[in-house]
Amino acid sequence: MTLDLSALLLIGIGYLILLFVTAYLTERGVLPNKVIRHPLTHVLSLAVYASAWTFYGAFSIASDAGFAFLASYLGATVTFMLAPIILMPLLRIARSHQLSSLADLFAFRYRSARVGSFITLLVLVISMPLIALQIQAFSDSLSHFDSRVSGQHVALVFCLIMSLFSMLFGARQLSIRSRHDGLMVAIALESIVKIVALLAMAAVILFGLFSGPVGLLEWLEQNPEQLQRLQTHPSGNNWQILLLAFFAAAFITPHMFHLLFSENASESSLKLASWFMPLMLFLMAICIPLLLWGSVILQVDTPKDFLLIRLGQALEQDWFVIAAYLGGLSASSGVIIVANVALASMVQNHLLLPVIKLPDTERFYSWLLWMRRSLILLVMAGSYLVYLFVGNRFPLAQLGLITFIGFLQFLPGLLATLYWQKASRIGFLAGLCAGITIWLLAIVLPALTHPTNPSSLNLLDQWYGWAIASILINSILIMVISWLFKPSAEEEEMAVACVLNALPRSQSSFTFENDTLEDLQLRLGARLGTTSAQREIERALESLNLPPTNKLRPLDLLRLRNILENNLSGILGPAEATALLRPQSLSGNNAFRGREIHLLEEQLESYSERLSGLAAELDKIRRYHRSTLQHLPIGVCTLNERQHILFWNQAMVDYTGIAPDAVLGLKPEELPSPWSDLLSNFCQQQVTYQPATMLDNGKQQTWFSLHKTDIDEGLQGCVILIEDETEHKLLANRLAHSERLTSIGRFAAGVAHEIGNPVTGIACLAQNLKLETDQPEVLETGEAIVEQTQRISRIVQSLIRFAHTGQTENLDHSKSVSLNNCIEEAVDLMRFDESRRKVKIHMDIEPKLYSSGDYQQLLQMLVNLLNNASDASPEQSTIWIQAYSVENWVEIEIIDQGTGISAEHQGRIFEPFFTTKEPGKGTGLGLALVYNIITEHCGNIEFISPADKKQNKGTQVIIQLPAWTEQDSLSVAGLE
Amino acid sequence: MHQHRILILLVLLCLTLAPPLIHAGLFTGPVWLPFFLWAMLIFIAALLNLSGKNS
């Protein structure tokens, strides 16, 4: 064998440089994102669980206690196979509430920053021996290769390199919850090296020493005691406490918690890990017996911890030694790097930041980052000191046992967090303190004060009872003390947030009535400094697209507070962030405040896929009722007890043109006009119904009726229903107008009939005067009387015609009328009067326009309209006549350049006897007649005046008549 | 709540029964049995996860 110490060291340094380069290239984006973010990369990094204890220490346990060595592998296998009920809920809680460590979790659950500080201290004390174990494993592996190596010096250099790596790649981002891709890829690479090294070494033993599986089986048949050794029944069941300890260590140790829940953003990784991680552990575990049997053949009996190095030396194969060395280096370095990063964050958030004053400087963020890097160095230094003064006095396995039994004390509290809402802070602390005390007094102190070197299993014999007692007492105290000292309302709220399928609720049950942007700024500034506080608030406002104004709605302030808490949680830790933003305390038992409802609904929307069972059914019912309210054809607006708008359905959006996002959380008086007056006045009145009220929103007049009812159960407030009555109102007006015209028509008909007879008599007597006298004055007077009676007769005939046009049963709709002919004849009739020839007529008529009805009546209508247009038009002006078909209608437009109709007269033009002409010039019945004819023909008429808005003159008359179609002719033919 | 109680019972059951079951498998049956059972569990877990992904 040509490998010497310096070569091995160089290889080690080269390997570490490879790790640095890998991490650096990952951070620079050289590796594809698909590889970095692939769930397999994350799962491979989880193999950091197989630390030096699993890589080296497993051999000594396998040698002494056979299959008991599988405890570390099987414990973790159980953890990952139970991922859906243990790891996934923890991931959801950590993700929802920005939790990055065990201390964050317990501080959040039990609503106490002091709990976080206490947990941090405990984890730090228990983790340092674990890190020291890794240092010891690496330095001792070199010492066993070459006894000249000074383990302490090697350990020091090793610690410095690990600190550098942790600082460079584990403290790059300010937010603790940012992913450290470089770190994770490097750790994943180490896991691959570890597993491949073990498999390669086992393959060498299997195919090199035993000549394959057949050879191995033959050897085992010849040496049955080797198999029996594996199945050496350990005394008692004490190795099972080991199983439980490794079950807990798989997710409670700081490096595993950090990788599982802080560096991981997706549940798909955990799903993959639920079988891939056990597969990796399985592959590592099956190598152990093979390598152990290899050591039997090669008669390697040094401390079994470093059996792999000795095997390589016995085989005189350099690469075997290198594989063992690099595998061990990977196993140790991975844990050190991740544990350092995790512990530094915990110490910063829970021990330092709560007590020190933060500088008010623009470099606040880099100050925090450098603090974290310094803490990485400090933790490493502490672990080195533990290695120096404590670690190297114990075998690896013993040190590992002490550590893992210590971590086991957190298991009852963690299970209570996930599954038991009634666990209180006092109960949790009592149980934990009792467990840790027993661990310290019964296991740690005796080991430190009376160090012996028994086998691991003998140690277990000694410690088994105490380990069981500590767990039992821990669990019992949690239950009993929690039963005696009930959790507070805050703790209960957080307990609800932690249980499975719970909807994470932001801490929105505090009153915010007096909180403004300025208040938030002052509160943050007192802790972070003005500059940093300002920057954080600006960042949060930008992410919510809110303006930096002090007039934010209560709902927006609540959202702002939640975003600030999330952002600050990533920087300072959730406990510190919550303490910073904690407003006034709860008032009243009702944890819900009205404006929380839409926040709650927003969260329900995002969590709806994860709800199951009864929660999912209730959510379906909620969605159904909400959809019903949302799509009601009348406006629904609900207010809470403080008159803030909670709900604004689609009909309200259609009426007001205001989206729900713009009004939720506002009071009615804060709405835009005219809705503010309408709703706020109605809310203040005692009445529950307000009939159709006119609202002028600038575009048109509309009418709305309002109904109101109070909500008395649970969440108080009121519901306002708003109904659009505009159409009803317009129809009612039109009906009244039509009734008025009809009554006038009937009156006119009656008068006409009564006047007709005496007028006829007067005409006859005047005629007789001509025959009875020759006097010119008398004859002239008689002529005048006859002329006036003829005039009266014409008026009477007009009245009778007007009255008769109301009788629709006489109109025959089965005949088509050519409107082209009608218009041309009307123009000709108009031109018979010389005075009307001074205006020009311009016609633009589509061919073949037909309607149904009476030709003469339509002709009369057009003549009346053209006469009016001509009378209003100045000389040499133009009257335009346009006629065209539009879908099932024929439209006729008559546009003149006259004086137009004033606004005050426009409402009366169809009234009988209404005229603006001088007395004697018009009867006032022309347009009334036109109106009746059009109504009988099922048409519409509209006057627009002024027609020319720029010059403010002219009148445009638009007549719509139903078009005569082929179907009408066919149906008439069918009837005939 | 009912669902939580079932899950609590499941976890406690696993933690209570797993050690003696594992003990029995490791120390009383054939040497290859624990590894075989372990491999089967991994295989079933993988099947369940992969079938869940594809459905």
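Trainee: Describe the overall build of chain B, and please don't skip the residues or the numbers.
Mentor: For chain B, the helix and strand inventory stands at two helices and zero strands. The buried share among the 55 residues of chain B stands at 35%. Of the accessible surface of chain B, which amounts to about 3,600 Å², a share of 79% is contributed by carbon and sulfur atoms.

Trainee: Summarise the overall build of chain A; cite the residues concerned and give the values.
Mentor: The secondary structure content of chain A amounts to 39 helices and 12 strands. Sequence separation of at least 24 residues holds for 74% of the intrachain contacts in chain A that already meet a minimum separation of 6. A total accessible area of about 42,700 Å² is found for chain A, and carbon and sulfur atoms account for 57% of it.

Trainee: Lay out unusual backbone geometry in plain terms, naming residues and giving numbers.
Mentor: Residue and element names in this part refer to chain A. The amide bond that connects Ser 673 to the next residue, Pro 674, takes the cis arrangement and shows omega of 0°. Following Ser 945, the chain continues into Pro 946 via a peptide bond in cis, with omega recorded as 5°. Mapped onto the secondary structure, Pro 946 falls in the loop between strand 11 (940-944) and strand 12 (955-962). One non-glycine residue, Glu 887, adopts positive backbone phi at about 55°. Note that Glu 887 resides in the loop between strand 9 (878-886) and strand 10 (889-896).

Trainee: Lay out the environment of Gln701(A) with the relevant residues and their values.
Mentor: Residues and elements named next belong to chain A. Structurally, Gln 701 is set in strand 4 (residues 701-711). For the pair formed by Gln 701 and Thr 726, sequence separation is 25 residues and the distance between their alpha carbons is 7.9 Å. When sequence neighbours within four positions are dropped, the list of residues in contact with Gln 701 reads Met 694, Leu 695, Asp 696 and Thr 726.

Trainee: Explain the sheet that holds strand 4 of chain A to me, and be specific about the residues and the numbers.
Mentor: Each strand in a sheet pairs with its neighbour through backbone hydrogen bonds, running either in the same direction (parallel) or in the opposite one (antiparallel). Residue and element names in this part refer to chain A. Ordered in space as 2-1-5-4-3, the five strands form an open sheet in which the pairing is antiparallel. Each edge of the open sheet carries a strand with a single partner, namely strand 2 (645-648) and strand 3 (689-696). For this sheet the average axis-to-axis angle between neighbouring strands, irrespective of direction, equals 25°. Inspection of the sheet shows strand 1 (residues 635-640) paired to strand 5 (residues 717-724) by six bridges, in the antiparallel sense. For Gly 635, the partnering residue across the bridge sits in strand 5 and is Ile 722.

Trainee: Describe in detail the side chain of His258(A), supporting the description with residues and values.
Mentor: All names here are of chain A. Looking at where His 258 falls in the secondary structure, it is placed in helix 14 (residues 254-262). Judged by its relative accessible area of 2%, His 258 falls in the buried class. Leave out the neighbours within four places in its chain, and His 258 touches Ser 100, Glu 263, Val 338, Val 341 and Ala 342.

Trainee: Explain a nonpolar patch on the surface to me, and be specific about the residues and the numbers.
Mentor: All names here are of chain A. A contiguous nonpolar surface patch, about 830 Å² in accessible area, is contributed by Ile 426, Leu 472, Ile 476, Met 479, Val 480, Trp 483, Leu 484 and Phe 485. Element by element, the count of residues in the nonpolar patch is highest for helix 22 (residues 456-484), at six residues. Considering the arrangement of structural elements, one finds Val 480 in helix 22. Overall, the relative accessible area of 38% leaves Val 480 in the partly exposed class.

Trainee: Describe helix 24 (residues 517-528) of chain A, with residues and values.
Mentor: An α-helical turn contains 3.6 residues, so any two residues separated by three or four positions project in the same direction. All names here are of chain A. Relative to the 16 Å expected for 12 residues at 1.5 Å per residue, helix 24 spans 16 Å between its end C-alpha atoms, a close match to the ideal helical length. Looking only at helix 24, the buried set comprises Leu 517, Leu 520, Leu 524, Gly 525, Arg 527 and Leu 528. Looking down the long axis of helix 24, one finds its buried residues gathered within 165° of arc, a one-sided arrangement. Residues Leu 522 and Ala 526 are exposed on helix 24 and point more than 90 degrees away from its buried face.

Trainee: I'd like a description of the pattern of salt bridges, backed by residues and values.
Mentor: Residue and element names in this part refer to chain A. Within this structure, the stated rule accounts for 10 salt bridges over all chains. Residue Arg 539 is joined to Glu 536 by a salt bridge in which the shortest nitrogen-to-oxygen separation is 3.1 Å. Highlighted residues: Arg 539 and Glu 536, both in helix 25 (residues 530-544), separated by three residues, approximately one helical turn. Each of Arg 92, Arg 95 and Glu 267 takes part in a single network of salt bridges with overlapping partners.

About the cut-offs
Residues numbered from 1 in each chain as written. Chains lettered and ligands numbered in written order. Predicted model: local features only at pLDDT ≥ 70, side-chain atom pairs only at ≥ 80, totals over all residues. Heavy atoms only, no water. Helix = DSSP H or I, 4+ residues; strand = E, 2+ residues; numbered from the N terminus. Buried < 20%, exposed > 50% of the residue type's maximum accessible area, 1.4 Å probe, protein only. Areas by Shrake-Rupley, 256 points an atom, 1.4 Å probe, with all protein chains shown as cover. Contact = heavy atoms within 4.5 Å. Pairing = 2+ DSSP bridges. Axes fitted to C-alpha atoms, helices over the stretch in contact; angles between N-to-C directions. Patch = residues over 30% accessible without salt bridge, like charges linked within 9 Å, V, L, I, M, F, W, Y side chains within 5 Å. Salt bridge = Lys/Arg side-chain N within 4 Å of Asp/Glu carboxyl O. Expected span 1.5 Å × (residues − 1). Arc of directions from axis to C-beta.

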